[in-house]
Amino acid sequence: MTVTVRFAPSPTGRIHIGNLRTALLNWLFAKRHPGGRFVLRFDDTDAERSRREYADGIETDLAWIGLRPDTVVRQSERIGLYDAAAERLRSAGLLYPCYETPDELDRRRKRLAARGRPPVYGREALKLTEEDKAQFAAEGRKPHWRFLLPNFSTDPFAPERTEVTWDDLMRGAQTVDLASLSDPVLIRADGSYLYTLPSIVDDGDLGITHVIRGDDHVTNTGVQIAIFRALGLPVPAFGHHNLLTTVSGEGLSKRSGALSLATLREDGYEPMALASLAVLVGMPGAIEAMPDLDALGARLSFGEASAGASKFDPAELDRLNADLVHAMPAEAGRDRILAMDVPDDAADAFWLAVRGNCAKVAEAAAWARIVFADDFERPDLPEEDRAFLAAARAHLPDGPIGESSWRDWTGALKSATGRKGKALFMPLRLALTGRDHGPELAALLPLIGRERVLARLA
Ligand code: GLU
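Please read these numbers as outputs of a predicted model, since none were measured by experiment.

Q: Explain the side chain of threonine 433 to me, and be specific about the residues and the numbers.
A: Turning to its location among the elements, threonine 433 is positioned in helix 17 (residues 421–433). Judged by its relative accessible area of 0%, threonine 433 falls in the buried class. Of the polar contacts made by the side chain of threonine 433, one reaches the backbone oxygen of arginine 429; its length is 2.8 Å.

Q: So what's going on with the site of the ligand? Residues and values would help.
A: Surrounding the ligand, one finds Arg6, Ala8, Asp43, Tyr195, Ser199, Arg213 and His217. Within the side chain of tyrosine 195, one N or O atom sits 2.6 Å away from an oxygen atom of the ligand. Expressed as a share of its isolated accessible area of 300 Å², the protein-covered part of the ligand is 78%. Taken together, the residues of the shell around the ligand sort by class into 2 nonpolar, 2 polar and 3 charged.

Q: An account of the pattern of salt bridges is requested, with residue identities and associated values reported.
A: Side chains that differ in sign of charge can pair as their charged atoms come close. Using the criterion set out here, one finds 30 salt bridges in the structure. In this structure, the salt-bridge partner of arginine 14 is aspartate 61, at a minimum N-O distance of 2.8 Å. Of this pair, arginine 14 sits in the loop between strand 1 (4–7) and helix 1 (17–31) while aspartate 61 sits in helix 2 (residues 52–65), placing them 47 residues apart in sequence. Owing to a relative accessible area of 27%, arginine 14 belongs among the partly exposed residues under this scheme.

Q: Please set out a positive patch on the surface residue by residue, giving values where relevant.
A: Together, Arg107, Arg111, Arg115 and Arg117 line one region of the surface with positive charge. As for its position among the elements, arginine 107 is in helix 4 (residues 102–114).

Q: Describe the pairing of strand 7 (residues 172–177), with residues and values.
A: In this sheet, strand 7 lies alongside strand 6 (residues 163–168) in antiparallel orientation, the contact comprising 6 bridges. Across the sheet, aspartate 167 pairs through a bridge with alanine 173, a residue of strand 7. Taken together, strand 6 and the strand that follows it, strand 7, pair antiparallel across an intervening segment of 3 residues.

Q: Outline the packing of aromatic side chains, supporting the account with residue identities and numerical values.
A: Taken as a whole and judged by the stated rule, the model has 8 aromatic pairs. For the pair tyrosine 82 and tyrosine 193, a centre-to-centre distance of 5.8 Å together with 75° between the ring planes defines the contact as edge-to-face. With a gap of 111 residues between them, tyrosine 82 in helix 3 (residues 79–91) and tyrosine 193 in the loop between strand 8 (185–187) and helix 6 (196–205) connect regions that are remote in the sequence. For the pair formed by tyrosine 82 and tyrosine 193, the shared burial category is buried. Cation over ring: lysine 127 sits above phenylalanine 157, and NZ or CZ is 4.5 Å from the ring centre. The ring of tyrosine 269 is capped by lysine 360, whose NZ or CZ atom sits 4.2 Å from the centre of that ring.

Q: With reference to specific residues and values, describe the pairing of strand 10 (residues 237–241).
A: The element strand 10 is extensively covered by neighbouring structure, given that 4 of its 5 residues are classed as buried. Judged from the 5 bridges that link them, strand 9 (residues 210–214) and strand 10 form a sheet pairing that is parallel. Across the sheet, isoleucine 212 pairs through a bridge with glycine 239, a residue of strand 10. Handedness of the crossover joining strand 9 and strand 10 through helix 7 (residues 218–230): right-handed.

Conventions we followed
Residues numbered from 1 in each chain as written. Predicted model: local features only at pLDDT ≥ 70, side-chain atom pairs only at ≥ 80, totals over all residues. Heavy atoms only, no water. Helix = DSSP H or I, 4+ residues; strand = E, 2+ residues; numbered from the N terminus. Buried < 20%, exposed > 50% of the residue type's maximum accessible area, 1.4 Å probe, protein only. Polar contact = N/O pair within 3.5 Å; in protein donor to acceptor, adjacent residues only side chain to side chain. Near = heavy atom within 4 Å. Areas by Shrake-Rupley, 256 points an atom, 1.4 Å probe, with all protein chains shown as cover. Nonpolar A, V, L, I, M, F, W, Y, C, P; charged D, E, K, R; others polar. Salt bridge = Lys/Arg side-chain N within 4 Å of Asp/Glu carboxyl O. Patch = residues over 30% accessible without salt bridge, like charges linked within 9 Å, V, L, I, M, F, W, Y side chains within 5 Å. Lys, Arg positive; Asp, Glu negative; His and termini not counted. Charge placed at Lys NZ, Arg CZ, Asp CG, Glu CD. Pairing = 2+ DSSP bridges. Phe/Tyr/Trp six-rings, centres within 6.5 Å; stacked < 30°, edge-to-face > 60°. Lys NZ or Arg CZ within 6 Å of the ring centre and 35° of its normal. Right-handed = clockwise from strand over helix to strand, strands pointing away.

As structure tokens, then:
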């Protein structure tokens with residue numbers, strides 16, 4: 001069996017860090033299995049809210065993280081398959097037309113609630129005669145279609161406890177009682193499909209072996225397993241992960257654009273900072289920045305995900321990002337450094353010098369301007385420091401500035417002026433960089449170069 005998973009966003013906005021959690025859990029699960037496949041499925045049957053540009057954007061977002069699907073499918077191009085499945089259910093008497101308006105359903109639910117009964121649909125539409133239906137049709141009323149849940153032995157109006165069970169990859173043994181649920185609407189009155197049936201048909205058609213998704217779908221899974229069986233399709237394994245919320249506990253929404261990968265990318269976060277946080281929050285062990293997806297996969301334990309909501313804390317993302325940046329090898333940052341007008345032959349040394357002072361790679365640009373473009377305000381130093389800088393100029397070791405120049409220079413200055421500690425370093429730092437803190441001057445000095453050092457001391 002080839003392990004095949006799918007990530008199935010509806011393209012109604014760009015994906016956020018919570019969606020990334022789902023995508024990555026699927027991807028990492030597939031990569032654990034030799035030959036494992038990752039399908040990207042766009043759930044775009046809702047023509048009004050779905051947009052191709054969002055779908056394309058989602059592919060871009062995933063590629064940025066390093067997720068490249070083996071197959072991409074769009075539900076809007078597969079309607080024929082859903083029609084065929086609906087027809088099979090209809091002819092088996094498992095899909096029945098209903099004519100209630102939302103208002104009617106609402107009133108009924110309220111009546112049930114008033115009597116202390118659960119708001120389960122009473123299958124009133126099953127009682128409609130052919131004449132009733134003809135009458136509705138004559139009035140131009142179009143039905144929506146419900147799936148008849150297999151929760152009774154002979155009388156659909158007398159549902160009995162019917163357990164659907166599965167061994168969830170993340171939550172262990174799960175049970176849903178089909179008698180506690182309303183028959184799900186599979187097709188709207190305008191003929192469009194809700195998510196349930198297309199998802200099942202696609203999972204069957206694409207050979208999905210494992211469905212890994214948010215735990216807001218746990219109840220759906222009970223219903224979907226019943227429909228898989230009704231269609232004679234193999235039932236995949238299921239895993240439901242807990243959902244990410246904001247720190248104040250609100251759910252994340254694609255439509256609001258909050259915490260979208262696109263925005264976080266523009267804000268300069270590293271893909272592995274996002275990936276690490278998206279996966280490790282709510283998992284056992286510390287939340288650490290993983291250098292790549294393989295390392296992240298090795299940290300992942302599917303059976304131990306916590307069941308409660310996991311909070312997305314932006315401060316945590318900042319911390320992980322800074323950890324990654326501080327340890328980022330020169331080659332990983334090179335393209336971005338070169339784009340900051342840093343000379344080719346200095347790029348690697350420059351990055352290694354400044355990375356410890358950057359929480360995001362983009363912050364290196366300010367240092368590049370300071371080091372290579374004299375772009376900083378000359379400090380207004382007191383008279384005695386200016387005299388000290390004149391001495392510093394005179395004691396700058398001869399020849400090209402190298403690794404040991406700083407040590408030699410400050411050693412000589414110490415003996416010549418008697419200054420030490422902050423009194424020795426701070427005027428130099430201020431004169432050379434315009435700032436009172438920053439990367440090691442020993443590393444910056446060779447990059448600033450002899451001429452510029454002398455000019456800055458003048
Ligand atoms: N489009 C559905 C969603 O985003 C997919 C759920 C599933 O994975 O089955 O919630």
